[in-house]
Amino acid sequence: FAPALSEHGFQGIFAPKTKRPETEHLPTEGQAIFFRTAKWSMVGAHCWTSFDVRRSRRLSRQWSESLRPSANSFDVHIGTEPLLQMFPQIVVGAVLQSAGDIRPASSPVLILCAHLKSRLKQALQDQLPLSPAELKTLQFRHFLHEARRRLGDTMPIVCCGDLNQ
């Protein structure tokens, strides 16, 4: 989407996820945030993962090569809550500040984009001491806590994403 959206004044970030990291598949989907460059400038990009992609050299390389605009543009935070390491999760965050030509520069805001798991195979669900609703709440609270831990308690946060039922 980036080439088409850039023609219309948008810039974005993307971080891939893997469906089954233990099988070392190529990244199959992920999280992205796009914003209008006439209104916003990006002052930071973050990616939180629940699965440690460094466990596989091949997967780590493929994952890093798929980050957009590049791996160097992200602060990557790998390996999180032990319960969340049972399945791959990716959350991207763009720290945006209003562009000076629209209005005076404001305080930055963090935009988070997440895909929260709610349905698991029964065998995996049986290993968790949580209901699907409790799992979704754990994911949301954990990634929000990690964002606040990295960026402070005062920055406003807007959470977006696929919050499956």
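Just so you know, these numbers come straight off a predicted model, no measurement behind them.

The rules behind the values
Residues numbered from 1 in each chain as written. Predicted model: local features only at pLDDT ≥ 70, side-chain atom pairs only at ≥ 80, totals over all residues. Heavy atoms only, no water. Helix = DSSP H or I, 4+ residues; strand = E, 2+ residues; numbered from the N terminus. Buried < 20%, exposed > 50% of the residue type's maximum accessible area, 1.4 Å probe, protein only. Contact = heavy atoms within 4.5 Å. Areas by Shrake-Rupley, 256 points an atom, 1.4 Å probe, with all protein chains shown as cover. Core = buried A, V, L, I, M, F, W, Y, C linked by side-chain atoms within 4.5 Å. Salt bridge = Lys/Arg side-chain N within 4 Å of Asp/Glu carboxyl O.

Assigned secondary structure in the protein chain consists of 4 helices and 7 strands. Listed N to C, the secondary structure of the protein chain is α-β-β-β-α-β-β-β-α-α-β in terms of helices and strands. Among the 165 residues that make up the protein chain, the fraction classed as buried is 38%. Counting only contacts in the protein chain whose residues sit at least 6 apart along the sequence, the fraction spanning at least 24 positions is 71%. Taken as a whole, the protein chain presents about 9,300 Å² of accessible surface, with 52% of it coming from carbon and sulfur.

Formed by 19 residues in total, the largest nonpolar core has its most connected members in I13, I33, C47, F74 and V92. Listed by contribution, the elements that provide at least two residues to this core are β1 (10–17), β2 (29–36), β3 (40–49), α2 (57–66), β5 (90–98) and β6 (109–115). At 4 residues, β5 tops the list of elements feeding residues into this core. Residues within four places of I13 in sequence aside, it is in contact with Q31, A32, I33, M42, A45, R68, P69, F74, V92, G93 and A94. Within the second largest apolar cluster, 16 residues are counted, among which are L84, V91, L110 and A147.

Inspection of the entire model under this criterion finds 2 salt bridges. For E146, the salt bridge identified is with R149, shortest N-O distance 2.9 Å. Of the two residues, E146 and R149 are both situated in helix α4 (residues 132–151); the distance of 3 residues between them amounts to about one turn of the helix. Note on E146: relative accessible area 11%, which makes it buried.

The next point concerns the environment of L116. Here L116 shows up in the loop between β6 and α3 (122–127). For L116, a relative accessible area of 3% gives the class buried. For L116 and T137, which are 21 residues apart along the polypeptide, the C-alpha to C-alpha distance reads 9.0 Å.

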